[in-house]
Amino acid sequence: LLKSSFFCLREDRCELPDKRVMPRYYVMDFPEWVNIVPVTLDKKVLLIRQYRHAAGEHMVEIPGGTTDPKPAADGAVDINDKGVTWGNEDILDAAKRELLEETGYESQNWRYLGYHFPNPALQSNRMHTFLALDCKKVAELNLDPFEEIEVMPVSIEECIEIFQQGKIQHSIVAASLAMALQDLETLNS
């Protein structure tokens, strides 16, 4: 129904387990997404603050974004019966790129925490979460033309409090922080 370089909207015929058929079921295909929980050498978590237009608010988040949604080398985005196949970059490469762009920090110590689906009722993509340890500042921010990000280093204890007090309003960020909570608590002890 709609295809852009960032996502596709398709209409499926959905057969339920009990054989009922939903004739029009809408699905949004996105490239895979990544979130990073970055912890510096001095045990600060790098939170970020940025404006989210649909919510009309500034949100406290962690660095993250999409794998590179550029199409495959031949320029085509493959739309098939399973949705869209993107010419994605590796998820760890995407996480490293997003951390550097949004914070100016790098890490040589990465741990994959797993993935979750941001909205499996409507979206086909996964959100992959990484813990980046021993992060070091190596550059200035390198933001996309319409990004405005403030980096907010906080103690691990403060990060846990912000999360537990419900001050993270972005649900996929909250889910990624929940995946990292045990590691953060261990690092804080």
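Scroll up for the structure.
Engineer: Which parts of the structure should I look at to understand the packing of aromatic side chains?
Structural biologist: When we look at a pair of aromatic rings, we describe it by the centre distance and by the angle of the planes. For the structure shown, the criterion picks out 3 aromatic pairs. An angle of 80 degrees between the planes, with centres 6.0 Å apart, marks the rings of Trp110 and Phe130 as edge-to-face. In this pair, Trp110 sits in strand 11 (residues 109-116) while Phe130 sits in strand 12 (residues 127-137), placing the two residues 20 residues apart along the sequence. A residue is classified by how much of its surface remains accessible, and Trp110, at 18% relative accessible area, is buried. Put simply, the rings of Trp110, Tyr112 and Phe130 pair up and form one aromatic cluster. The aromatic ring of Tyr115 is capped on one face by Arg126, whose charged end is 4.9 Å from the ring centroid.

Engineer: I'm lost on helix 2 (residues 156-164) in this one. Help?
Structural biologist: Given 3.6 residues per helical turn, the α-helix brings residues three or four places apart onto the same face. Those residues of helix 2 lying buried are Ile156, Cys159, Ile160, Ile162 and Phe163. Buried residues of helix 2, viewed axially, fall in a sector of 160 degrees; they line one side. For helix 2, the elements touching its buried residues are strand 4 (33-40), strand 5 (44-52), strand 13 (149-155) and helix 3 (171-188). The positive-phi residue at the C-terminal boundary of helix 2 is Gly166, with phi of around 75 degrees.

Engineer: Please clarify how the pattern of salt bridges should be interpreted in this entry.
Structural biologist: Side-chain pairs of opposite charge can arise whenever the charged atoms involved come near each other. The final tally for this structure, using the stated rule, is 9 salt bridges. Two residues, Arg10 and Asp29, come together in a salt bridge whose shortest N-O distance is 2.6 Å. Pair noted here: Arg10 is in strand 2 (residues 8-15) and Asp29 is in strand 3 (residues 21-29), with a separation of 19 residues, a long-range link. Residue class for Asp29 comes out buried when judged on its relative accessible area of 1%. As a salt-bridge pair, Glu32 and Arg126 come within 2.7 Å of each other at their nearest N and O atoms. With a gap of 94 residues between them, Glu32 in the loop between strand 3 and strand 4 and Arg126 in the loop between strand 11 and strand 12 connect regions that are remote in the sequence. Owing to a relative accessible area of 13%, Glu32 belongs among the buried residues under this scheme. Classification of Arg126 as partly exposed rests on a relative accessible area of 29%. A cluster of three or more residues bridged by salt bridges with shared partners is formed by Arg10, Asp12 and Asp29.

Engineer: Sorry if this is basic, but what is going on with the environment of Ile62 here?
Structural biologist: The topology assignment puts Ile62 in the loop between strand 6 (57-61) and strand 7 (64-66). Separated by 106 residues in the primary sequence, Ile62 and Ile168 have C-alpha atoms spaced 9.8 Å apart. For Ile62, the contacting residues outside a window of four places in its chain are Asn35, Ile36, Val37, Leu47, Ile48, Val173, Ser176 and Leu177.

Engineer: Help me understand the packing of helix 2 against helix 3, please; the structure alone is not making it clear to me.
Structural biologist: Each pair of packed helices can be summarised by the angle the axes make with each other and by the distance between the axes. Orientation of helix 2 relative to helix 3, taken along the N-to-C sense of each, is 145 degrees, at an axis distance of 10 Å. Considering the relative orientation of helix 2 and helix 3, their crossing is left-handed. Here Ile156, Glu157, Cys159, Ile160, Phe163 and Gln164 of helix 2 lie close against helix 3, whose contacting residues are Ala174, Leu177, Ala178, Leu181, Leu184, Glu185, Leu187 and Asn188. Looking at the contact of helix 2 with helix 3, its residues break down into 10 nonpolar, 2 polar and 2 charged.

Engineer: Please clarify how unusual backbone geometry should be interpreted in this entry.
Structural biologist: With glycine set apart, most residues show a phi of negative sign, and most peptide bonds adopt trans. At Lys19, a position not held by glycine, the phi torsion is positive, near 80 degrees. Within the secondary structure, Lys19 sits in the loop between strand 2 and strand 3. The phi torsion at Lys43 lies on the positive side, around 60 degrees, for a residue other than glycine. Note that Lys43 resides in the loop between strand 4 and strand 5.

Engineer: Mind showing me how you'd approach the sheet that holds strand 1 (residues 2-3) here?
Structural biologist: Paired through backbone hydrogen bonds, the strands of a sheet run either parallel or antiparallel to each other. Reading across the sheet, the 3 strands line up as 1-2-3 and stay open at both edges, with antiparallel pairing between neighbours. Each end of this open sheet is capped by a strand with a single partner; those strands are strand 1 and strand 3. Judged from the 2 bridges that link them, strand 1 and strand 2 form a sheet pairing that is antiparallel. In the sheet register, Lys3 faces strand 2, and the bridge partner there is Cys8.

Procedures and definitions
Residues numbered from 1 in each chain as written. Predicted model: local features only at pLDDT ≥ 70, side-chain atom pairs only at ≥ 80, totals over all residues. Heavy atoms only, no water. Phe/Tyr/Trp six-rings, centres within 6.5 Å; stacked < 30°, edge-to-face > 60°. Helix = DSSP H or I, 4+ residues; strand = E, 2+ residues; numbered from the N terminus. Buried < 20%, exposed > 50% of the residue type's maximum accessible area, 1.4 Å probe, protein only. Lys NZ or Arg CZ within 6 Å of the ring centre and 35° of its normal. Arc of directions from axis to C-beta. Contact = heavy atoms within 4.5 Å. Salt bridge = Lys/Arg side-chain N within 4 Å of Asp/Glu carboxyl O. Axes fitted to C-alpha atoms, helices over the stretch in contact; angles between N-to-C directions. Left-handed = near helix turned anticlockwise from the far one by under 90°. Nonpolar A, V, L, I, M, F, W, Y, C, P; charged D, E, K, R; others polar. Pairing = 2+ DSSP bridges.

What is shown is where atoms sit, not what they do.
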